[in-house]
Amino acid sequence: PGLGCSAMGRSGGVAPPRLSSVSMRVSVEEKLAAILVADVADYERMIAHDRGGAQATLQLCYHEVIDTAIAVYGGRIFELEPERMRAEFTSPLAAVCCAVEIQEALARRMTGVPPPARIQLRIGIHYGEALVDRGELTGEALTIAGRVHGVTQPGEVCVSRTVVEAVKGQVEHE
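The structure displayed is predicted, hence computed values, not measured ones. (Residues numbered from 1 in each chain as written. Predicted model: local features only at pLDDT ≥ 70, side-chain atom pairs only at ≥ 80, totals over all residues. Heavy atoms only, no water.)

Here we take up unusual backbone geometry. We note that Asp42 has phi near 55°; this positive angle belongs to a residue other than glycine. Among the structural elements, Asp42 can be located in the loop between strand 1 (28-40) and helix 2 (43-72). Judged by relative accessible area, Asp42 falls into the partly exposed class, the value being 45%. Not every positive phi belongs to a glycine, and Arg134 is a case in point at roughly 55°. With respect to the helices and strands, Arg134 occurs in the loop between strand 4 (121-133) and strand 5 (136-138). Residue Arg134 is classed as exposed on the basis of its relative accessible area, which comes to 69%. (Helix = DSSP H or I, 4+ residues; strand = E, 2+ residues; numbered from the N terminus. Buried < 20%, exposed > 50% of the residue type's maximum accessible area, 1.4 Å probe, protein only.)

The next subject is the pattern of salt bridges. Considering all chains together, one arrives at nine salt bridges under this definition. Between Arg109 and Glu64 there is a salt bridge, and its shortest N-O distance comes to 2.4 Å. You can see Arg109 sitting in helix 3 (residues 92-109) and its partner Glu64 sitting in helix 2, a full 45 residues away along the chain. Residue classification places Arg109 among the partly exposed residues on the basis of a relative accessible area of 34%. With a shortest N-O distance of 3.8 Å, Arg134 and Asp133 are connected by a salt bridge. Since its relative accessible area comes to 24%, Asp133 is described here as partly exposed. Three or more residues joined by partner-sharing salt bridges are found here, namely Lys31, Arg76 and Glu88. (Salt bridge = Lys/Arg side-chain N within 4 Å of Asp/Glu carboxyl O.)

Structural data, given as structure tokens:
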């Protein structure tokens, strides 16, 4: 028959490990944050059409348009992949203004660029509770921002009702 830990300990085998009560302090911080989720529409098509050109154009757009706008509006990118990024802002107004500026700058930059090479972002924003757990941003605000982003059309900014209420009367765009 198989020997379990207790049987091994009684029969002179290896004693079972002793478990001790260890007090671990897990520090989870709650905060309100405006979460901006953006991705490149038709990323796979762009890469299939011209991998090198698409990657170079994306790098340039991230550096010259997106990073700059996020810094100007006091945001912080906390996740960056080739086709997607997430950023946090302390203010929903700052997140919305940043998103609008990004979309307008990209539209100007992409004027005359044919569709296979044209970069268009879909941007979704939500303002709500986020958790900082061991340096990682998680929580409901990220989940809802992702859902809002999921219904956004290329070239648009879509915001949750919470963001609409927070910026009402402060933003000219609809």
